[in-house]
Amino acid sequence: MSELVTGEAVALELRPARLPSRALSTLLDLAVVLVVYLVVSVAVLAATASLDEAAQIALSIAAFLLVLVGGPIAVETLSHGRSLGKMACGLRVVRDDGGPIRFRHALVRGAIGVVEILLTFGVVACIASLVSARGRRLGDVFAGTLVVRERIPVARSGFLPPPPPWLAGRFQGLDLSAVPDGLWLAVRQYLGRMNQLDPQVGSVMAQRLAGDLAARTGAPVPQGVPPAAFLAAVVQERQVREARRAFAGGSYGPQAPAPAPAGPSAAYGPSAVSGPPVSSGPSAVAGPSGPSEAASARAHGDRPEGAGSGFVPPA
């Protein structure tokens, strides 16, 4: 993948077309152009049968230049870099900064293409494309253009790993309004590929993304929470809010967190975060425990004051 920088200092990730796809698109274009050229040549010969030989040669040269040179230039200019062969192969000609080409770009490409494709049967173009790091031929180098792939293969699965169960509902109070879409996209791409990355590289990326996300939300990464688990939990919280906004239309305030399971998820490693200890002894809220207290409660009515809090007034 090639990273291009536009005039606005925006980095574009483009996939340059390689020699096999470019050769196939060129062959398709040449086949179409040759068919058109044969038809035009037959029509010119039939129309100039009564002329002398010099006039016929001049018209033949004009037809050659018009069809084999002017045709591709006009097609690339009008279609912004997409000829018939490139459409079939999913390719497009763009400028070095990623923008659409204009007439001058197509003119330079077509003029040099006559020499490196037609006159040398594509040998010069193949050598230049193999030598170039981005697969450019001489016409692309002089015109400042690049042939890129428009059909990017879709990933087999867009599955994002869920966060550990012990982090469920923990980040409901975060303010996610300041997080830009580019950072969300980077986090989602990392979570989708983290099992394919080198462990050391993945750890560095997770720490960097978690730091950027914490700076945007204003809340640091909790102590003992792995960066990858933090990213997954925050992404899940964003998905929950979007789903609630789209389907429920309810409030978006914090809700009671879900009960934490006994153990953490093994996908992100052990966690140092644990919930508060739960007492297994008798409840702190108790009703009347003796006959005298029960009698005192009945003396004040069916529902004694303080019955809900466990406090029993004196008799």
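As shown above, the structure is provided for reference.
For the structure given in this document, a descriptive report is provided here. None of the values given here were measured: they were computed from a predicted structure.

1. Focus: unusual backbone geometry
One non-glycine residue with positive phi stands out, namely His80, at about 55 degrees. Mapped onto the elements of the fold, His80 is located in the loop between helix 2 (53–78) and helix 3 (84–89).

2. Things to note about helix 5 (residues 123–131)
An α-helical turn contains 3.6 residues, so a residue and the one three or four places further along point in the same direction. For helix 5, every residue scored as buried is listed here: Ala125, Ala128 and Ser129. Down the axis of helix 5, the buried side of the element spans an arc of 100 degrees, and every buried residue falls inside it. Along helix 5, the residues that are exposed and aim more than 90 degrees away from the buried face are Ile127, Leu130 and Val131. In the core, the buried residues of helix 5 are packed alongside helix 1 (19–47), helix 4 (103–119) and helix 6 (138–143).

3. What about helix 4?
With 17 residues, helix 4 extends 23 Å from end C-alpha to end C-alpha; this agrees with the ideal 24 Å at 1.5 Å per step. The largest bend in helix 4 amounts to roughly 40 degrees and is located at Gly113. Phe121 occupies a position one or two residues after helix 4 and carries a positive phi of about 55 degrees.

4. Section: the nonpolar core
If you look at the biggest cluster of nonpolar residues, it comprises 26 residues, and the most contacted ones within it are Tyr190, Leu191, Leu213, Phe230, Leu231 and Val234. At the level of secondary structure, the elements contributing two or more residues to this core comprise helix 7 (181–193), helix 8 (199–217) and helix 9 (227–248). In terms of residue count, helix 9 provides more of this core than any other element does, 8 residues in total. When neighbours within four sequence positions are excluded, Phe230 is seen to be in contact with Phe171, Ala210, Leu213, Val221, Pro222 and Val225. One finds Cys89, Val93, Ile101 and Val114 within the second-largest nonpolar core, a separate group that totals 10 residues.

5. Concerning the packing of aromatic side chains
The full count for this structure, using the stated rule, is 2 aromatic pairs. Note on Tyr37 and Phe64: the rings are 6.1 Å apart at their centroids and 85 degrees apart in plane angle, and the pair reads as edge-to-face. A residue pair is termed long-range when its members are at least 10 positions apart, and Tyr37 in helix 1 and Phe64 in helix 2 qualify at 27 residues. Seen from their ring centres, Phe171 and Phe230 are 5.3 Å apart, and the 85 degrees between their planes marks the pair as edge-to-face. In this pair, Phe171 sits in the loop between strand 4 (145–149) and helix 7 while Phe230 sits in helix 9, placing the two residues 59 residues apart along the sequence. In this pair, the class of Phe171 matches that of Phe230, namely buried.

6. Quick look at the layout of surface pockets
A volume near 910 Å³ is recorded for the largest pocket. Lining the largest pocket are 36 residues, and of these Thr26, Asp29, Leu30, Pro72 and Ile117 lie nearest its centre. Counting only elements with at least two residues in the lining of the largest pocket, the list comes to helix 1, helix 2, helix 3, helix 4 and helix 5. The biggest single contributor to the lining of the largest pocket is helix 1, with 11 residues.

7. Re the side chain of Arg137
In this fold, Arg137 is placed in the loop between helix 5 and helix 6. Under the relative-accessibility criterion, Arg137 is labelled buried at 8%. There is a polar contact of 3.4 Å between the side chain of Arg137 and the backbone oxygen of Arg109. Residue contacts for Arg137: discarding those within four places in its chain leaves Arg22, Arg109, Ile112, Gly113, Glu116, Ile117, Ala125 and Ala128.

8. Observations regarding the pattern of salt bridges
Within the structure shown, the criterion is met by 11 salt bridges. Across the pair Asp140 and Arg22 runs a salt bridge whose closest N-O atoms are separated by 2.8 Å. In this pair, Asp140 is assigned in helix 6 and Arg22 in helix 1, connecting sequence segments 118 residues apart. The exposure class of Asp140 is buried, given its relative accessible area of 0%. Relative accessible area serves as the criterion here: at 10%, Arg22 is assigned to the buried category. Between Glu150 and Arg82 there is a salt bridge, with its nearest N and O atoms 3.4 Å apart. Taken as a pair, Glu150 in the loop between strand 4 and helix 7 and Arg82 in the loop between helix 2 and helix 3 lie far apart in primary sequence, 68 residues in all. Three or more residues are tied together by salt bridges with common partners; here these are Arg22, Glu76, Lys86, Arg109 and Asp140.

Thresholds, definitions, all that
- Residues numbered from 1 in each chain as written.
- Predicted model: local features only at pLDDT ≥ 70, side-chain atom pairs only at ≥ 80, totals over all residues.
- Heavy atoms only, no water.
- Helix = DSSP H or I, 4+ residues; strand = E, 2+ residues; numbered from the N terminus.
- Buried < 20%, exposed > 50% of the residue type's maximum accessible area, 1.4 Å probe, protein only.
- Arc of directions from axis to C-beta.
- Contact = heavy atoms within 4.5 Å.
- Expected span 1.5 Å × (residues − 1).
- Bend = angle between axes of the 7 residues up to and from the residue.
- Core = buried A, V, L, I, M, F, W, Y, C linked by side-chain atoms within 4.5 Å.
- Phe/Tyr/Trp six-rings, centres within 6.5 Å; stacked < 30°, edge-to-face > 60°.
- 1 Å grid on protein atoms, 1.4 Å probe; cavity = no way out; pocket = protein on both sides within 12 Å on 5 of 7 lines; lining within 4 Å.
- Points joined across faces, edges and corners; volume = space filled by probe spheres on them.
- Polar contact = N/O pair within 3.5 Å; in protein donor to acceptor, adjacent residues only side chain to side chain.
- Salt bridge = Lys/Arg side-chain N within 4 Å of Asp/Glu carboxyl O.

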